[in-house]
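Summary of the model geometry
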Amino acid sequence: MRTPYIAGNWKMNMTPSEGAKYAAELRKAVEDAKADVKVMVAPPFVTIPAVVEALKGSSIIVAAQNMANHTSGAYTGEVAPAMLKDLGVNTVILGHSERRSYYAESDEFINSKVLLAIQEGMDVVLCVGETLEEREAGKLEEVLSRQIKVGLKDVSADQMSHITIAYEPVWAIGTGKTATPEDADSAHAFIRDTVKDLYNNDIAENLIIQYGGSVKANNVKALMAKENIDGALVGGASLSVDLFLPIITFDK
Ligand code: PGA
C-alpha cells in the first residue's frame, strides 16, 4: 500500500509572514479534514523557520526546494544540509525542472546532491520530466531513463526508502496543460519499471511517484485514480489553502 503524498512547492513565493499565516490556516484545514494523506510544503529557504514554527507538532512535512552539494565552506549563496536539519527540515526537493533549465543543473550535479542528502539522513523528492521538444521527438523514455539512472547513481537499495520521484513534464508546469491521466500513468509505469530494473520489484512497488504539472482540484481525482500515480507535486495551486485543500482531500 502506497500512502498518497501531496506536496506543495511554493517556488519563489511567500515571505516569512505570509508563510506563517498560510501554514496556520493549512494546519487547521488539514487537521479538520482528517485525510489519510502525507502532506508536505516546500517554502523558500528564508520562509522555512516561520513555517516550521507554525507547523510545530503537526504532521505536515516542511521541505526545502533545493540544497547545496557540499556540507559547508566557501559556497556563496548556498544552503547546507546541516542548516536545514538544524531547523527540523529533513526533506528536500532536488532536480526540479526550473533548477535544471534556469540554473543549468545537470543530472550528475543533481546526483551529487541526492547522495549528500541521503548521507545526511534526509528524504529526497527527485524531479524528472521531459520538455515538449523531447516528447515530440519521441525521446520521453530516453530522457526519463537517463534522469533516473544518473540521478540515483550509487543510491543503494536500502536507501531507496528515502526517495520519492516526481514526474513533471516540463510542458505542463505552470501552463495550465496537464498530461492526461493515461499519459501520466504510462510515464509513471515506465519510471516504476526503470526502478525495478535498477533495484528490484519490492522497491519499485513501494516507490511513491508523484505527478506534477498544473495539478488542480478539478483534475487531481482522475490523476490519483491511476494505478501508478501516488501523489502530486503542486506549484500554483498550493499557494492558497482554498486551492490546495481540495487537492489534499481528493478522495473525500
Ligand atoms: P504547477 O507547478 O503546479 O504550477 O504547474 C508544479 C511544479 O513545478 O512543481
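For the structure itself, consult the block above.
None of these values were measured; they are calculated from a predicted model.

Examining the packing of aromatic side chains
- Scanning the model with the defined rule gives 3 aromatic pairs in all.
- Ring centres of Trp10 and Tyr22 lie 4.8 Å apart, and the angle between their planes is 75°; this geometry places the pair in the edge-to-face category. One end of the pair, Trp10, is in the loop between β1 (5–9) and α1 (16–33); the other, Tyr22, is in helix α1, with 12 residues separating them in the sequence. Pair check on accessibility: Trp10 and Tyr22 agree, each one buried.
- Seen in terms of ring centroids, Tyr102 and Tyr103 are 6.5 Å apart; in terms of plane orientation they differ by 80°. Their pairing is edge-to-face. Neither Tyr102 nor Tyr103 differs from the other in exposure class; each is exposed.

Describing the site of the ligand
- Around the ligand sit 13 residues, and of these Lys11, His96, Glu168, Gly174 and Ser214 come closest.
- The separation between an oxygen atom of the ligand and a polar side-chain atom of His96 is 2.7 Å.
- Between the ligand and the protein, one listed contact pairs an oxygen atom with a side-chain N or O atom of Glu168 at 2.7 Å.
- About the coverage of the ligand: the protein hides 96% of its 290 Å² of free accessible area.
- Residue composition of the shell around the ligand, by class: 4 nonpolar, 7 polar and 2 charged.

Re the sheet that holds strand β3 (residues 61–64)
- Read around the closed barrel, 8 strands run β1-β2-β3-β4-β5-β6-β7-β8, paired in parallel fashion. If you compare each strand with its neighbour and ignore which way they point, the axes differ by 25° on average.
- Inspection of the sheet shows strand β4 (residues 91–94) paired to strand β5 (residues 123–128) by 4 bridges, in the parallel sense. Pairing of Val92 across the sheet is with Val124, part of β5.

Observations regarding helix α8 (residues 181–198)
- Over its 18 residues, α8 extends 25 Å from the first C-alpha to the last, a length consistent with the 26 Å expected when each residue adds 1.5 Å.
- Within α8, burial applies to Ala184, Asp185, Ala187, His188, Phe190, Ile191, Arg192, Thr194 and Val195.
- Buried positions along α8 lie against β5, α7 (140–151), β6 (163–167), α9 (201–206), β7 (208–212) and α10 (217–224).

Describing the pattern of salt bridges
- Applying the stated criterion to the full structure yields 17 salt bridges.
- For Lys56, the salt bridge is made with Glu53, and the minimal N-O distance between the two is 3.1 Å.
- When its relative accessible area of 53% is taken as the criterion, Lys56 is described as exposed.
- One salt bridge in this structure joins Lys85 and Glu120, with 3.0 Å as the shortest N-O distance. Taken together, the residues Lys85 in helix α3 (residues 81–86) and Glu120 in the loop between α5 (107–119) and β5 connect sequence positions 35 residues apart.
- Here the salt bridges share partners, and the residues they tie into one network are Arg2, Arg192, Glu205 and Asp230.

Rules used throughout
Residues numbered from 1 in each chain as written. Predicted model: local features only at pLDDT ≥ 70, side-chain atom pairs only at ≥ 80, totals over all residues. Heavy atoms only, no water. Phe/Tyr/Trp six-rings, centres within 6.5 Å; stacked < 30°, edge-to-face > 60°. Helix = DSSP H or I, 4+ residues; strand = E, 2+ residues; numbered from the N terminus. Buried < 20%, exposed > 50% of the residue type's maximum accessible area, 1.4 Å probe, protein only. Near = heavy atom within 4 Å. Polar contact = N/O pair within 3.5 Å; in protein donor to acceptor, adjacent residues only side chain to side chain. Areas by Shrake-Rupley, 256 points an atom, 1.4 Å probe, with all protein chains shown as cover. Nonpolar A, V, L, I, M, F, W, Y, C, P; charged D, E, K, R; others polar. Pairing = 2+ DSSP bridges. Axes fitted to C-alpha atoms, helices over the stretch in contact; angles between N-to-C directions. Expected span 1.5 Å × (residues − 1). Contact = heavy atoms within 4.5 Å. Salt bridge = Lys/Arg side-chain N within 4 Å of Asp/Glu carboxyl O.

By themselves, these are just geometric observations and shouldn't be taken as functional.
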